[in-house]
Amino acid sequence: QAAASGTAHAKVILLGEHAVVHGAPAIALPVHSLALTASVTRTDRPLWIDSVLYRGPIAAAPELLAAPVTALAETLRFTGAPATGLTVRIDGEIPAERGLGSSAAVAAAISTAVARAAGVELGARERFDLIQAAERVAHGTPSGLDARAVVSDTAVWFQRGDVRALPSAFTGVFVIADTGLHGRTREAVGGVAALKAADPARVERILDRIAALTAAAAGDLAADARAALGERMTETHRMLAELTVSSPELDRLVGAATAAGALGAKLTGGGRGGCVLALADTPVDAARIAAGLRAAGAERTWMPAARPGLTPG
Ligand code: PMV
């Protein structure tokens, strides 16, 4: 019998990754079909974790779990609850290191559940701070976009730490395709910073263009301008490739999506591995594009169902 539980879901970045690190806006979409639940039960054991990756006392958890352990420890500290006598179980899975926000989602679910077990309902700001503490362990200097998107029911507009919901009547259908390769966000973010230091004028130009495409995309979502949004996605992929964060596998999947009739496609998240996001006009088109992506080597595809308010999944 769980004393308390918390949930969070995956996210994809529609537009603005990398540029968001340098102050530009980004838009992220929730993916409700990939979700996690953390359940807390009281036991007479020391702090215990029960997940597919590890089952045992927190004190002996592997380095791989350093971020979720940070979320747990920081939440206990925040609530003042004793750091013993709880088992935290994680159910559900979001593939890790694919740009889908798995680390932020695990931290969000744990923080919510552990706070609730102590009788505390976290406010948005408190929960954000707890997720960010874990994200710093996982990623170094996260913009905070994932921390906001994995607990949002709607698309979010994010810039310099501020977030707002983006309601929309968008009817297009998204397809997510996994290269099966681990994304290397930290390395890719460092690559962009190094490029910016070497050639600031050129990189600023690219970042400005991505920011303009992102701003226009918010209008596309509101106006259900599917073809225009698709074109902005594909142009953004080219910009991201210039920033050195694409890879041959990502480029191949973007090409395959377009060849199968996608309105546009791009890498999503940190890049250099991870996933591609493609846009289809209709569910039938999306199924054909997903098949084309798998034929071109995608390990998995997801088709989050379109819902009013653009909450895929
Ligand atoms: O790989 P992800 O989904 O965690 O996304 C990283 C997004 C970046 O803009 C590249 C980095 C960030 O902190 O926003």
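Residues numbered from 1 in each chain as written. Predicted model: local features only at pLDDT ≥ 70, side-chain atom pairs only at ≥ 80, totals over all residues.

What surrounds the ligand is a group of 15 residues, the closest being G99, S143, T185, G269 and G270. Contributions of two or more residues to the shell around the ligand are made by α4 (145–149) and α5 (185–198). Looking at the shell around the ligand residue by residue, the classes come out as 5 nonpolar, 8 polar and 2 charged. (Near = placed C-beta within 6 Å. Helix = DSSP H or I, 4+ residues; strand = E, 2+ residues; numbered from the N terminus. Nonpolar A, V, L, I, M, F, W, Y, C, P; charged D, E, K, R; others polar.)

Attention shifts here to the UniProt feature "domain: GHMP kinase N-terminal" (unreviewed entry) in the protein chain. The UniProt entry lists residues 75–150 under the feature "domain: GHMP kinase N-terminal" (unreviewed entry), expressed in the numbering used here. As annotated, residues 75–150 comprises 55% helix and 11% strand, and the C-alpha atoms at either end are separated by 18 Å. (UniProt positions renumbered as here; feature names shortened; annotations may be inferred.)

The general pattern is negative phi for most residues beyond glycine and trans for most peptide bonds. Of note, the phi angle at E97 is positive, near 55 degrees, even though the residue is not glycine. Along the polypeptide, E97 turns up in the loop between β5 (84–91) and α2 (102–117).

On to the sheet that holds strand β10 (residues 275–280). The strands making up a sheet associate through hydrogen bonds between their backbones, and the pairing can be parallel or antiparallel. In spatial order, the strands read β9-β10-β8-β11; together these 4 strands make up an open sheet with antiparallel pairing. Only two strands of the sheet have a single partner each, and these edge strands are β9 (264–268) and β11 (300–302). Pairs of neighbouring strands in the sheet enclose a mean axial angle of 25 degrees, with direction left out of account. Sheet topology places strand β8 (residues 173–178) next to β10; 6 bridges connect them, and they run antiparallel. Each residue of the ladder has a partner; that of A177, found in β10, is V276. Across the sheet, helix α7 (residues 226–242) lies against β9 and β10, angled at about 45 degrees from β9, the strand it touches most. (Pairing = 2+ DSSP bridges. Axes fitted to C-alpha atoms, helices over the stretch in contact; angles between N-to-C directions. Contact = placed C-beta atoms within 7 Å.)

Within the fold, V120 resides in the loop between α2 and α3 (124–139). Placed 181 residues apart in sequence, V120 and T301 show a C-alpha to C-alpha distance of 38 Å. For V120, the contacting residues outside a window of four places in its chain are T79 and A115.

Summarizing the sequence annotation, UniProt attributes the feature "domain: GHMP kinase C-terminal" (unreviewed entry) to residues 225–298 in the numbering used throughout. Strand forms 15% of residues 225–298 and helix 57%; the C-alpha atoms that close the span are 27 Å apart.

Partitioning the protein chain into structural domains gives domain 1 (4–164) and domain 2 (168–302). Averaged C-alpha coordinates put domain 1 and domain 2 at centres separated by 25 Å. At the interface, 25 residues of domain 1 touch 31 residues of domain 2. When contributions to the side of domain 1 that touches domain 2 are tallied by element, the ones reaching two or more residues are β1 (4–15), β2 (26–46) and β6 (155–159). Classifying every residue of the side of domain 1 that touches domain 2 by side-chain character gives 15 nonpolar, 7 polar and 3 charged. (Domains from an automatic or database assignment.)

Ranked by size, the top nonpolar core spans 104 residues in total, and within it A28, V175, A257, V276 and A278 carry the most contacts. Two domains each donate at least three residues to this core, and these are domain 1 (4–164) and domain 2 (168–302). Beyond its immediate chain neighbours, meaning those up to four positions away, A257 contacts A262, A265, V276, A278, I289, G292 and L293. (Core = buried A, V, L, I, M, F, W, Y, C linked by C-beta atoms within 7 Å. Buried ≥ 20, exposed ≤ 12 C-beta atoms within 10 Å, placed from the backbone.)

Regular strands place side chains that alternate from one sheet face to the opposite one. Across the 12 residues that make up β1, a large majority, 9, are buried. Here β1 runs beside β2; their pairing, made up of 11 bridges, is antiparallel. Looking at β2, one finds that V12 is bridged to L29.

Right, let's get into the pairing of β8. Of all 6 residues in β8, 6 are buried, a share of seventy percent or more. A two-sided burial pattern is seen for β8, the buried positions comprising V173, V175 and A177 on one face and F174, I176 and D178 on the other.

This part is about the environment of A215. With respect to the helices and strands, A215 occurs in helix α6 (residues 200–223). In this structure the C-alpha to C-alpha distance between A215 and P25, which are 190 residues apart in sequence, comes to 7.4 Å.

The first and last C-alpha atoms of α5 sit 20 Å apart over 14 residues, in line with the 20 Å expected at 1.5 Å per residue. The complete set of buried residues in α5 reads T185, A188, V189 and V192. For α5, the buried positions fall inside an angular range of 100 degrees around the axis, keeping them on one side. Turned more than 90 degrees away from the buried face of α5 sit A194, A197 and A198, all of them exposed. (Expected span 1.5 Å × (residues − 1). Arc of directions from axis to C-beta.)

Moving on: the packing of α6 against α7. Interhelical geometry of α6 versus α7 gives an angle of 160 degrees and a closest axis separation of 10 Å. When the axis of α6 is compared with that of α7, the two are roughly antiparallel. α6 and α7 meet at a crossing whose hand is left-handed. Touching I206, R209, I210, L213, A216, A217 and D220 of α6 are A228, L229, R232, E235, T236, M239 and E242, all from α7. Looking at side-chain class alone, the contact of α6 with α7 contains 8 nonpolar, 1 polar and 5 charged residues. (Parallel < 35°, antiparallel > 145°, perpendicular 65-115°, else oblique. Left-handed = near helix turned anticlockwise from the far one by under 90°.)

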